[in-house]
Amino acid sequence: PTTTVGVTTTMVGPTTSTTAPSVYDLALVKLLKTSGMVSPGDTVTFEVSVRNQGEVSSGSVTVTDTLPAGLTFDAAKSPGWTDLGGGVVSHVVPD
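Notes on the structure follow.

Rules behind the numbers
Residues numbered from 1 in each chain as written. Predicted model: local features only at pLDDT ≥ 70, side-chain atom pairs only at ≥ 80, totals over all residues. Heavy atoms only, no water. Pairing = 2+ DSSP bridges. Helix = DSSP H or I, 4+ residues; strand = E, 2+ residues; numbered from the N terminus. Axes fitted to C-alpha atoms, helices over the stretch in contact; angles between N-to-C directions. Salt bridge = Lys/Arg side-chain N within 4 Å of Asp/Glu carboxyl O. Buried < 20%, exposed > 50% of the residue type's maximum accessible area, 1.4 Å probe, protein only. Patch = residues over 30% accessible without salt bridge, like charges linked within 9 Å, V, L, I, M, F, W, Y side chains within 5 Å. Areas by Shrake-Rupley, 256 points an atom, 1.4 Å probe, with all protein chains shown as cover. Contact = heavy atoms within 4.5 Å. Polar contact = N/O pair within 3.5 Å; in protein donor to acceptor, adjacent residues only side chain to side chain.

## Some words on the sheet that holds strand S4 (residues 81–85)
Right, so step 1: With antiparallel pairing, three strands are arranged side by side in an open sheet as S3-S5-S4. Whereas interior strands pair on both sides, the edge strands pair on one side only; in this sheet they are strand S3 (61–66) and S4. On average, adjacent strands in this sheet sit at an angle of 25° to one another, irrespective of strand direction.
Right, so step 2: One ladder, built from four bridges, connects S4 with strand S5 (residues 88–93); its direction is antiparallel. Bridge pairing in S5 places aspartate 83 opposite valine 89.

In structure tokens form, the structure reads like this:
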């Protein structure tokens, strides 16, 4: 025969609570806006967006992006972006 015995466990001790700090949570998306085939010399357009999904302000954020090999940066068509050289560009997203 098998006997089943119920067991009750009681924890005794101080009660504590912890509050997690509020944080910002940035989401960055880079989309290729140019469709179809491209040839050397054609313009290729990307769209970069940043969104704060968090609970508090992130302050201003600098986005840095490395262009794919073979592409060059066109500052005239990219207001607010800075060419850092070597295929790297940046943009400051204000608070």
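## Here we look at the pattern of salt bridges
Right, so step 1: This structure, assessed with the given rule, holds one salt bridge.
Right, so step 2: Note that aspartate 65 and lysine 30 form a salt bridge whose closest N and O atoms lie 2.8 Å from each other. One end of the pair, aspartate 65, is in strand S3; the other, lysine 30, is in strand S1 (residues 26–32), with 35 residues separating them in the sequence.
Right, so step 3: A relative accessible area of 32% means that lysine 30 is categorised as partly exposed.

## Overview of a nonpolar patch on the surface
Right, so step 1: On the surface, Tyr24, Leu26 and Val56 cluster together into a nonpolar patch covering about 250 Å² of accessible area.
Right, so step 2: Structurally, the position occupied by tyrosine 24 is in the segment before S1.

## So, the environment of glutamate 47
Right, so step 1: Looking at where glutamate 47 falls in the secondary structure, it is placed in strand S2 (residues 46–52).
Right, so step 2: For the pair glutamate 47 and valine 29, spaced 18 residues apart in the sequence, the C-alpha separation amounts to 8.0 Å.
Right, so step 3: Setting aside anything within four residues of it in sequence, one finds glutamate 47 in contact with Val29, Lys30, Leu31 and Lys33.

## Considerations on the environment of aspartate 42
Right, so step 1: Its place among the elements puts aspartate 42 in the loop between S1 and S2.
Right, so step 2: The sequence separation of aspartate 42 and leucine 71 amounts to 29 residues, and the corresponding C-alpha distance is 9.8 Å.
Right, so step 3: A polar atom in the side chain of aspartate 42 sits 2.7 Å from the backbone nitrogen of serine 39.

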